[in-house]
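Coordinate inspection notes
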Amino acid sequence: MRRLAVLLALTLLSACNVVLTKSPLFTAADTAGAPTLRPGVWLFFKEAGCAVDEKAPISNWPDCAGGGIVAADSIAGHPQHTPPSTLQRTPFLLAAGDPRIAQVQVTIDMSAGASASGPGATASASPPAHAEPWAYAGVKPTKSDPQGRIVAFDLWPVQCGPPPPRNSNALTTKHPLKGLDMSQGDADCSTTSKDALRAAAKASQPWADEPRHAYWLRDGDH
């Protein structure tokens, strides 16, 4: 999905060593009492040297930049090869706590050479040929508007454990964190524990390859 910069599309820099669950760990009740993202158009990532006119509709942005349209319970983007008016939404919430946890549903299609497609696309050894698991990112708000809504934040993937060395052929950690389940041969892990997930998010922040910064641009849906 082109230009649908759902959080996990930004943070899952590889297809491996990340937490995926078959069912969402968090519900709307887990967001209670915490600041929300300001609805509207967001820029979620921009590659180094990317020239993008942030005032232009996100349907016109180059592939080196990723934007999405935030609503109360979803993020939307423009599917590839569709009119600019076409939007596809994917479920999303931002759980309260320390750190904040972004939860987003992703689509995995392993039928074509282990490639992934759809919002937040990634690949995994553990899900079946087609799956729609839930994936997670740690979030640190960095700026708010006068109404207390979040208008900028840093984010990073929730990993299964210390990533393998860059010069290694290994795809995932040798030491899964407490409370995370990883079977031999799996490329990612899972859990049923919110506490374990949040602890993994805290541990994962220094493991992120590079900072990812997202920020609100304007109200509206284009």
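The model shown is predicted, which means the values in this text are computed figures rather than measured ones. (Residues numbered from 1 in each chain as written. Predicted model: local features only at pLDDT ≥ 70, side-chain atom pairs only at ≥ 80, totals over all residues. Heavy atoms only, no water.)

Following the criterion strictly, the structure yields four aromatic pairs and no others. The interplanar angle of 65° and the centroid separation of 6.4 Å between the aromatic rings of Phe 26 and Tyr 136 together place this pair among those described as edge-to-face. Taken together, the residues Phe 26 in the loop between β1 (20–21) and β2 (40–46) and Tyr 136 in strand β9 (residues 134–144) connect sequence positions 110 residues apart. In terms of burial, Phe 26 and Tyr 136 fall into one category: buried. Taken together, a centroid distance of 6.0 Å and an interplanar angle of 10° make the contact between Trp 42 and Phe 44 stacked. Take Trp 42: its relative accessible area is 0%, and that puts it in the buried class. (Phe/Tyr/Trp six-rings, centres within 6.5 Å; stacked < 30°, edge-to-face > 60°. Helix = DSSP H or I, 4+ residues; strand = E, 2+ residues; numbered from the N terminus. Buried < 20%, exposed > 50% of the residue type's maximum accessible area, 1.4 Å probe, protein only.)

Turning our attention to the side chain of Thr 173. As for its position among the elements, Thr 173 is in the loop between β10 (150–157) and α2 (194–204). Thr 173 sits in the buried class, given a relative accessible area of 7%. A distance of 2.8 Å separates the side chain of Thr 173 from the backbone oxygen of Pro 162, its partner in a polar contact. Setting aside its immediate chain neighbours within four residues, Thr 173 contacts Asn 17, Cys 160, Gly 161, Pro 162, Pro 164 and Met 182. (Polar contact = N/O pair within 3.5 Å; in protein donor to acceptor, adjacent residues only side chain to side chain. Contact = heavy atoms within 4.5 Å.)

Another aspect to go through is the pattern of salt bridges. Side chains carrying opposite charge are able to pair once their charged atoms draw close together. Counting across every chain of the model gives six salt bridges. Across the salt bridge formed by Arg 38 and Asp 219, the nearest N and O atoms sit 3.3 Å from each other. One end of the pair, Arg 38, is in the loop between β1 and β2; the other, Asp 219, is in the segment after β11 (212–218), with 181 residues separating them in the sequence. For Arg 166, the salt bridge goes to Asp 209, with nearest N and O atoms at 3.5 Å. On the criterion of sequence distance, the pair formed by Arg 166 in the loop between β10 and α2 and Asp 209 in the loop between α2 and β11 is long-range, its members being 43 residues apart. Its relative accessible area of 72% is what places Arg 166 among the exposed residues. Through salt bridges with shared partners, one network takes in Arg 38, Asp 145, Arg 149 and Asp 219. (Salt bridge = Lys/Arg side-chain N within 4 Å of Asp/Glu carboxyl O.)

With that settled, consider the pairing of strand β5 (residues 88–95). When strand β4 (residues 74–77) meets β5, the two strands line up antiparallel, connected through four bridges. Bridged to Ile 75 within β5 is Thr 90. The loop that links β5 with its antiparallel partner strand β6 (residues 100–105) comprises four residues; one of these, Gly 97, has a positive phi angle of about 120°. (Pairing = 2+ DSSP bridges.)

For the rest of this paragraph, the subject is the confidence of the model for the chain. Confidence along the chain averages 82 in pLDDT terms, with 81% of residues attaining 70 or more. Confidence, expressed as mean pLDDT per element, reaches its minimum in the chain at helix α1 (residues 7–11) with 48 and its maximum at α2 with 97. In the model, residues 1–5 has pLDDT below 50 throughout and makes 27 contacts with residues more than four positions away in sequence or in other chains. Scored below 50 in pLDDT, residues 111–129 makes 51 contacts in the model with residues more than four places away or belonging to other chains. (pLDDT = per-residue confidence, 0-100.)

Take the pairing of strand β3 (residues 65–70) next. Here β3 lies mainly inside the structure; six of its six residues are buried. Burial along β3 is two-sided: the residues Ala 65, Gly 67 and Ile 69 and Gly 66, Gly 68 and Val 70 are all buried. Relative to β3, β2 runs antiparallel, the two being bridged by six bridges. Paired with Leu 43 across the bridge in β3 is Gly 67. Strand direction decides the pairing type here: β3 and β4, joined by two bridges, are antiparallel. Within the sheet, the bridge partner assigned to Ile 69 lies in β4 and is Ala 76.

On to the state of the cysteines, then. Scanning the model with the defined rule gives two disulfides in all. Between the sulfur atoms of Cys 50 and its disulfide mate Cys 64 the distance is 2.0 Å. On the S-S bond that ties Cys 50 to Cys 64, the torsion sits near 65°, and the link is right-handed. Taken together, the residues Cys 50 in the loop between β2 and β3 and Cys 64 in the loop between β2 and β3 connect sequence positions 14 residues apart. On the basis of relative accessibility, which here comes to 13%, the residue Cys 50 falls in the buried class. Note that Cys 160 is cross-linked by a disulfide to Cys 189, the S-S spacing being 2.2 Å. Its torsion about the S-S bond being -100°, the disulfide of Cys 160 and Cys 189 is classed as left-handed. Residue Cys 160 is located in the loop between β10 and α2, and its partner Cys 189 is located in the loop between β10 and α2; the two are separated by 29 residues in the primary sequence. Here Cys 160 matches Cys 189 in class, with each residue buried. Here the bonded cysteines of the chain are numbered in sequence order, and their pairing is 1-2, 3-4. (Disulfide = S-S within 2.5 Å.)

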